[in-house]
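In case you want the letters, here they are:
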Amino acid sequence: MGTTANAEQSAANPFFSEFKTPFGVPPFDKIKDGDYLPAIKKGIEEKQKEVQAIVNNTEKPTFENTIVAMEKSGKLLTKVLLTFSNVSSANTNPELQKIEEEMTPLLSKLSDEVNMNPKLFQRVKAVYESREKGNFTTEQKKLISDYYKGFARGGANLNDAQKTELSKINEEISMLTLQFGKNVLDETNKYKMVIDNKADLAGLPESVIMGAADEAKEAGMEGKWVFTLAKPSFLPFIQYAENRELRKKILTAYNMMGNNGGELDNNKVAAKIANLRLKKANILGYKTWADYCLEPNMAKTPDKVYELLNKLWTPALANAKKEVAAMQEIINKEGGKFKLEAWDWAYYAEKVKKAKYDLDEEQLRPYFKLENVRDGAFAVATKLYGITFTERKDIPAYHPDAKAFEVKEADGKHIGILYMDFFPRASKRGGAWMSAYRDQSNLDGNYITPVICNVCNFSKPAGDNPSLLSVDEVETLFHEFGHALHGLLSNNTYPSVSSTAVAQDFVELPSQIMENWALEPEVLKMYAKNWKTGAPMPDDLIQKIKNSSKFNQGFVTVEYLSAAILDMDFHTINTDKEVDVQKFEKASLDKMGLIPEIVVRYRSTYFRHIFGDPVGYSAGYYSYIWAAVLDADAFEAFKETSLFDKKTAESFRKNVISKGGTDEPMTLYKNFRGAEPKIEPLLKRRGLK
């Protein structure tokens, strides 16, 4: 009876057969939560058998029977995990969270079994040592090298006792990072600032008030207004609300996430993660976790990272102090008998912008209807690369908010599928990201097309108004779309080096360069149209955007750099003990001289980039500014020719976007630009020079 039931369950599990959907996307309408764990367990079993077959192969180790065999292993597991990880990030529920808790140690154990298998490592090592003798392509050499270094960094050279200790640490880290992320999501969903006095809404744009009324209605509090810690809710509040105490209340709540005691407190979780990472680094022969993480990156060492961050910190802080003085002047003129505080910054920065540039962000929102901005990003990609985007309503999606688009070459050839999911909800983690349900590859001539997703948390439609984006949200949409292009336009053979499988401080180049087009006058004329009248954004408004491009860059840069330095400080700890996270954070920020009017972009207890993933951006948050040097320099290539210069675009696609991790990042960059990047374009763009 049990065997028959199991067979029926297996037959009904969509993961155990080929997806019969357009372009083989996951059949979300058929996948049940209960399908994931059995498929993950079966995937683990299959991976173990496939790895064992490679180990037991009596033939001499070759690229085909070892490296390519590894590339082909674990297909079922990859298929399930890519679907599960994306759905659980964008549309989670208690059952999916339980599955995460059960599967995380299983996956950690499997990873260690593979990485620490001495016989498998010997086969990989043999291929690695013969790589210069074989007739290998650049991509194959890079793949071989990556495998060898991956095994060495995964513990293959350790003795048995060290391997046991490392496995225990890996499992602990994976469970703690899972807990950290869950705590942040729960804290975000838990907080609601309820307003029942209309006078407390003074200063807020009507669209923001309507959004808060909709939020209250959803929470069963019709007739009131609710503001949450989702950025499209609290950011406009601190930017426009005249009620200073309420601005302080909601910003303080945001800054205290994960730091309120109780079961959602992340102080001890972060401390344990940082300490366990140091132990792991030490076992593997590295002085600190940062030394371990940076070795495969462009930066290579903590000193190189600090050198860049410190070079930018001094001019950025000087600019931020000038910005403080300008805002304090307005406070004094208005008769405010108080010193500017963190909860005043966005509010008075908006006043300075209006006074200096005659520009109010609310003037811009009517021209940034979400669908228009999205189509603007599509139009930029079409003009650069000739590719097209067509919505496909016949393709299943994981949530009603998610839209699917087919991407094609100019000649109509299918490239891939792009899901776009833009609005916040309780089941979605905060922030914005790109990921893949399926990566591009071409093993044995079997070309697999990519299935990519962009997931964001933008301003929702409010009342009768559509979703109208802020400038920051416009740039974020273009940013994540740049990542999507990196995944969609990948053209490589091996999965492990395709798409975004590149050095961490290189992966932000394709995304950040796309931001450059978002507010270019020529591009604004393509998509920035008034949502009511259809009229294009007037030239004088476009000029005001251009004039204000360096506005508040002291704040933006300092807020970011302080987080990047805090990340590096946590991960250059070399003493084996758990720190007091609050004391450590304060000492770090005091040492760098962060002014009290600016709060670090992510405080430690909700710094999901570095503590909410087993590796994530730990000792890597600097990557955004490292890549900013690259993207500012790369965009100069277009400015030197024209915004949509075909030759330059083709070179960028051929040498950077399509290449994935098939060669060293600096080699790829120089193949495009002809030289290493200069820092001057970034300094100029941010007004730091």
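Rules used in this analysis
Residues numbered from 1 in each chain as written. Predicted model: local features only at pLDDT ≥ 70, side-chain atom pairs only at ≥ 80, totals over all residues. Heavy atoms only, no water. Helix = DSSP H or I, 4+ residues; strand = E, 2+ residues; numbered from the N terminus. Expected span 1.5 Å × (residues − 1). Buried < 20%, exposed > 50% of the residue type's maximum accessible area, 1.4 Å probe, protein only. Arc of directions from axis to C-beta. Contact = heavy atoms within 4.5 Å. Polar contact = N/O pair within 3.5 Å; in protein donor to acceptor, adjacent residues only side chain to side chain. Disulfide = S-S within 2.5 Å. Pairing = 2+ DSSP bridges. Axes fitted to C-alpha atoms, helices over the stretch in contact; angles between N-to-C directions.

Q: Quick rundown of helix H9 (residues 206-218)? Include the residues and the values.
A: For H9, with 13 residues, the first-to-last C-alpha span of 18 Å sits near the 18 Å given by 1.5 Å per residue. Residues Val208, Ile209, Ala212 and Ala216 constitute the buried set of H9. The arc that holds every buried residue of H9, seen down its axis, measures 100 degrees, which confines them to one face. Facing away from the buried surface of H9 by more than 90 degrees, the exposed residues are Glu206, Lys217 and Glu218. Elements that come into contact with the buried residues of H9 comprise strand S2 (225-227) and helix H10 (231-240).

Q: Give me the side chain of Asn183: which residues, what numbers.
A: Relative to the helices and strands, Asn183 is located in helix H8 (residues 160-190). Taking the relative accessible area as the measure of exposure, Asn183 reaches 5% and is therefore buried. At 2.9 Å, the side chain of Asn183 forms a polar contact with the side chain of Asn266. The residues contacting Asn183, other than those within four sequence positions of it, are Glu263, Leu264, Asp265, Asn266 and Val269.

Q: Can you explain the state of the cysteines? Please cite residues and give values.
A: In total, this model carries 0 disulfides according to the counting rule given. Summary of cysteine pairing: Cys453 is not part of a disulfide, and the nearest cysteine sulfur, belonging to Cys456, is at 9.8 Å. Exposure remark for Cys453: the relative accessible area of 1% places this residue in the buried category.

Q: Lay out helix H3 (residues 63-72) in plain terms, naming residues and giving numbers.
A: The buried count for H3 comes to 7 of 10 residues, which makes it a mostly enclosed element. When H3 is considered as a whole, its buried residues turn out to be Phe63, Asn65, Thr66, Ile67, Val68, Met70 and Glu71. The secondary structure elements touched by the buried residues of H3 are helix H2 (33-56), helix H5 (94-115), helix H6 (118-129), helix H7 (138-153) and strand S7 (441-443). Following H3 by one or two positions, Gly74 has its phi on the positive side, about 75 degrees.

Q: Outline the sheet that holds strand S4 (residues 403-408), listing residues and values.
A: One open sheet accounts for 5 strands, arranged S3-S4-S5-S9-S6; its pairing is mixed. Looking at strand neighbours, the two that pair on one side only are strand S3 (388-391) and strand S6 (433-438), the edges of this open sheet. The sheet shows a mean angle of 25 degrees between the axes of neighbouring strands, direction not considered. Pairing between S3 and S4: 4 bridges, direction antiparallel. Each residue of the ladder has a partner; that of Glu391, found in S4, is Phe405. Across the sheet, helix H17 (residues 370-385) touches S3, S4 and strand S5 (414-421), and the angle it forms with S3 is around 145 degrees. Packed on one face of the sheet, helix H18 (residues 471-488) meets S3, S4, S5, S6 and strand S9 (451-455) and runs near 150 degrees to S5.

Treat this as a map of the structure, not an account of what it does.
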